[in-house]
Amino acid sequence: MAGPDRVLVVGAGAREHALIDALARSPRAPELLCAPGNPGIAAAARLVELDVQDPEAIAAAARAEDATLVVVGPEAPLVAGAGDALHGVGIACFGPSAAAARLEGSKAFCKEIMAAAGVPTAAYSVVRDPQQGMVAIERYPIVLKADGLAAGKGVIIAADAAQARATLDDLLVGRRFGTERVVVEEFLEGEELSLLALCDGERALPLASAQDYKRIRDGDEGPNTGGMGSYSPVPAVDEAAAAELCAAVHQPVLDELARRGTPFRGVLYAGLMMTAAGPRVLEFNVRFGDPECQAILPRLRTDLLDLLQRASRPGGLADVERLDWSPETAVTVVLASAGYPDASSSGDVISGLEAVDPAVLITHAGTARDGAGALVTAGGRVLSVTALGDDAAAARAAAYAAADMIEFDGRQLRRDIALRTAR
Ligand code: AMP
Ligand code: GLY
């Protein structure tokens, strides 16, 4: 007989907070644990101390806590083998093996899989030295991608030959991200779209579409960040369009990985560029997007716990017909600390949270308690504010009304999240 569900979520960001909140809505009332978590998550889950970079430590903690399911939030533990370590101790894991996580861990591997699977992506070549790189470039701008994990900083768009040469030197001679290979890729233009799919190794089941705002300032100006806001769904990509994209993008990748004996279980995140010539994959991630997760999950009416459990078993999603979504639009606004993304400020007192409408979802990322128990900033992205509304305009109004009540020194936010879709 199955005992109670005990779910351990690994991670400490707003994405993990959103996962915990969605799991807490499960009719099965699971017991929730989070490692290491943050002060916001502490309200909904018991926190467990853990070095999340260490797959064996994750497996040991899951065993010690008698977890029935582990949900790994960030990519690094998955690339390091958390899925394999959990498999080794017989605990269900939502998240791929290290072999399948290479889709995110290596840009060159990702390109190779897409080529083998016939998935549309930018034309590219893989180079090992700057000379070879310069020869591969036919026109500018050109996109240069460090091969390994680079915490979102490994993609450089070079405007001219001088910048390309300096970047290739930095990556391949200076070993900026410890990489030996660089993907030189055609520059694509269009709207970006995030389409995530739950995968059980065999079947890909698309989640609602979302858009992420990567630049720090309004109008997509300034440097790239981890993401300053998101909304879901994207009106042009309804359920039928998402299913079509999933059949052309996620499913062939799943089939190719299964064929190679490394089936993908977990969430497969495709970053797409909707070009004039059709959709092209920019990247795959092997985990939920942050802040996309915060906008997607609040609209999901199907039990997330059941879905994640199914996706952790080979073929487990086979008899899920469709996912049930709220018809509302969700808008997520990220509040970041002073200096982000180049630096981040910590120790600034956060106020105003208690005044926020309880229907608005606040998820914590870089927050901490100071010696006196006050909530303070502790990182670049501090909080995400998510509101639902009948349309994008209503969701935006509610999200910004809440965001404007929350204060801390040097607070940064974008004012244009979902603005284009809000008529
Ligand atoms: P990635 O980590 O590969 O998604 O790249 C980060 C960001 O760089 C993407 O979200 C895009 O904004 C941009 N980017 C990546 N590849 C391309 C490309 N081939 N053409 C234009 N922009 C790109
Ligand atoms: N929102 C982009 C990412 O999670 O990688």
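Check the entry above for the structure.
Computed from a predicted model, the values in this text were never measured in an experiment.

Undergrad: I would appreciate a short explanation of the overall build of the protein in the present structure.
TA: The number of helices and strands found in the protein is 13 helices and 23 strands. In terms of overall size, the protein behaves like a compact globule, its C-alpha atoms giving a radius of gyration of 21 Å where 423 residues would be expected to give roughly 22 Å. Principal-axis analysis of the C-alpha atoms places the extent of the protein at approximately 55 × 50 × 45 Å. Within the span of the protein, comprising 423 residues, buried residues form 56% of the whole. Within the protein, contacts between residues at least 6 apart in sequence are counted, and of these 68% link residues at least 24 apart. Accessible surface for the protein amounts to roughly 16,900 Å². Of this, 50% is attributable to carbon and sulfur atoms. If the 39 positive side-chain charges of the protein are averaged to one point and the 57 negative ones to another, these points end up 3 Å apart.

Undergrad: I would appreciate a short explanation of the site of ligand 2 in the present structure.
TA: Near ligand 2 the following residues occur: Asp212, Gly226, Tyr269, Asn285, Arg287, Gly289, Asp290, Pro291 and Glu292. The side chain of arginine 287 places a nitrogen or oxygen atom 2.9 Å from an oxygen atom of ligand 2. At 2.8 Å, a side-chain N or O of glutamate 292 approaches a nitrogen atom of ligand 2. Against a free-state accessible area of 200 Å², the protein chains account for coverage of 87% of ligand 2. The class makeup of the residues in the shell around ligand 2 is 2 nonpolar, 3 polar and 4 charged.

Undergrad: Even after reading the chapter, I still don't get the packing of aromatic side chains, so can you show me in this structure?
TA: Each aromatic ring pair is described using two quantities: the centre-to-centre distance and the angle formed by the ring planes. Under the criterion given, the structure shown has 2 aromatic pairs. Ring centres 6.3 Å apart and planes at 50 degrees place the aromatic pair tyrosine 213 and tyrosine 231 in the tilted group. In this pair, tyrosine 213 is assigned in the loop between strand E12 (211-212) and strand E13 (215-217) and tyrosine 231 in strand E15 (residues 229-232), connecting sequence segments 18 residues apart. For tyrosine 213, a relative accessible area of 3% puts it in the buried group. For tyrosine 231, a relative accessible area of 4% translates into the label buried. The ring of phenylalanine 109 is capped by arginine 102, whose NZ or CZ atom sits 4.3 Å from the centre of that ring.

Undergrad: Is there a simple way to think about the site of ligand 1 in this case?
TA: Residues in close proximity to ligand 1 total 14 residues, the closest being Glu185, Glu186, Leu188, Glu192 and Glu283. Separating an oxygen atom of ligand 1 from a side-chain N or O atom of lysine 107 is a distance of 3.2 Å. At 2.4 Å, a side-chain N or O of glutamate 192 approaches an oxygen atom of ligand 1. Summarising the interface, the protein chains cover 90% of the accessible area of ligand 1, which totals 470 Å² for the free molecule. Elements supplying a minimum of two residues to the shell around ligand 1: strand E7 (142-146), strand E8 (155-158), strand E9 (182-186) and strand E17 (278-285).

Undergrad: Can you walk me through helix H8 (residues 161-173) in this structure?
TA: For H8, spanning 13 residues, the distance from its first C-alpha to its last is 17 Å, which sits close to the expected 18 Å at 1.5 Å a residue. Of the residues making up H8, those classed as buried are Ala164, Thr167, Leu168, Leu171 and Leu172. All buried residues of H8 fall inside an arc of 110 degrees around its axis, so they share one side. In this structure, H8 carries Ala162 and Val173 as exposed residues pointing more than 90 degrees from its buried face. Where H8 is buried, its residues meet strand E6 (124-127), helix H7 (130-136), E7, E8 and E9. Of the residues trailing H8, arginine 175 is marked for its positive phi of about 50 degrees.

Undergrad: Before we go on, may I ask you to explain the environment of serine 26 in this structure?
TA: Mapped onto the elements, serine 26 comes out in the loop between helix H1 (14-24) and strand E2 (31-36). Here serine 26 falls in the buried class, since its relative accessible area comes to 6%. Counting along the chain gives 278 residues from serine 26 to leucine 304, while the straight-line C-alpha distance between them is 6.8 Å.

About the criteria used
- Residues numbered from 1 in each chain as written.
- Chains lettered and ligands numbered in written order.
- Predicted model: local features only at pLDDT ≥ 70, side-chain atom pairs only at ≥ 80, totals over all residues.
- Heavy atoms only, no water.
- Helix = DSSP H or I, 4+ residues; strand = E, 2+ residues; numbered from the N terminus.
- Rg over C-alpha atoms; globule rule 2.2 N^0.38 Å.
- Buried < 20%, exposed > 50% of the residue type's maximum accessible area, 1.4 Å probe, protein only.
- Contact = heavy atoms within 4.5 Å.
- Areas by Shrake-Rupley, 256 points an atom, 1.4 Å probe, with all protein chains shown as cover.
- Lys, Arg positive; Asp, Glu negative; His and termini not counted.
- Charge placed at Lys NZ, Arg CZ, Asp CG, Glu CD.
- Near = heavy atom within 4 Å.
- Polar contact = N/O pair within 3.5 Å; in protein donor to acceptor, adjacent residues only side chain to side chain.
- Nonpolar A, V, L, I, M, F, W, Y, C, P; charged D, E, K, R; others polar.
- Phe/Tyr/Trp six-rings, centres within 6.5 Å; stacked < 30°, edge-to-face > 60°.
- Lys NZ or Arg CZ within 6 Å of the ring centre and 35° of its normal.
- Expected span 1.5 Å × (residues − 1).
- Arc of directions from axis to C-beta.

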